[in-house]
Amino acid sequence: EGNLLLARLALQPTTGLRVIRQPRALPLQTTAWERLRPIPGTLAPGLWICGAWCRTGLPLTMESAVLSARWLAETMAEAGIAAVDGPVTMLKPCP
């Protein structure tokens, strides 16, 4: 399957290529599940959280993790707690 994809992209097939499918890699993300996800930010004094499992409006994906981390970095920089190297561009505001 991977070699067919590479051929369609006009790339050379490689040895050792394999496709791993995990149909149940993410939990069923119902409204009840979404309410359990914490909002990125301060969980307790001195404890900051972010990650794919935080509530960003996106499913539990790498994009959600990046969005959550960027939002937290901007929030911490605004609070004077951390410096952000360069501009932080928000893709979508977190709740």
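Look up: the structure comes first, before these words.
A word on the pairing of strand E1 (residues 41–44)
- Summarising the sheet, E1 and strand E2 (residues 47–49) pair through three bridges and their orientation is antiparallel. Opposite Thr 42, over in E2, you have Trp 48 as the bridge partner.
- Between the antiparallel neighbours E1 and E2 lie two residues, among them Gly 46 with a positive phi of about 80°.

Some points on the environment of Gly 57
- Inspection of the secondary structure assignment puts Gly 57 in the loop between E2 and helix H3 (62–78).
- Sequence-wise, Gly 57 and Glu 34 are 23 residues apart; in three dimensions their C-alpha atoms are separated by 8.7 Å.

Side note on the side chain of Thr 56
- Inspection of the secondary structure assignment puts Thr 56 in the loop between E2 and H3.
- Here Thr 56 falls in the buried class, since its relative accessible area comes to 0%.
- At 3.2 Å, the side chain of Thr 56 and the backbone nitrogen of Leu 58 are in polar contact.

Let's talk about H3
- Its 17 residues give H3 an end-to-end C-alpha distance of 24 Å, which sits within 8% of 24 Å, the value for a rise of 1.5 Å per residue.
- Each element contacted by the buried residues of H3 is listed here: E1 and E2.
- One or two residues past the end of H3 sits Gly 80, with phi positive at roughly 75°.

Notes on the state of the cysteines
- By the definition in use, this model includes zero disulfides.
- Take Cys 50: it sits in no disulfide, and the sulfur closest to it among the cysteines is that of Cys 54, at 6.4 Å.
- Among the residues examined, Cys 50 registers a relative accessible area of 30% and is labelled partly exposed.
- Cys 54 sits in the buried class, given a relative accessible area of 0%.

Reading the values: the criteria
Residues numbered from 1 in each chain as written. Predicted model: local features only at pLDDT ≥ 70, side-chain atom pairs only at ≥ 80, totals over all residues. Heavy atoms only, no water. Pairing = 2+ DSSP bridges. Helix = DSSP H or I, 4+ residues; strand = E, 2+ residues; numbered from the N terminus. Buried < 20%, exposed > 50% of the residue type's maximum accessible area, 1.4 Å probe, protein only. Polar contact = N/O pair within 3.5 Å; in protein donor to acceptor, adjacent residues only side chain to side chain. Expected span 1.5 Å × (residues − 1). Contact = heavy atoms within 4.5 Å. Disulfide = S-S within 2.5 Å.

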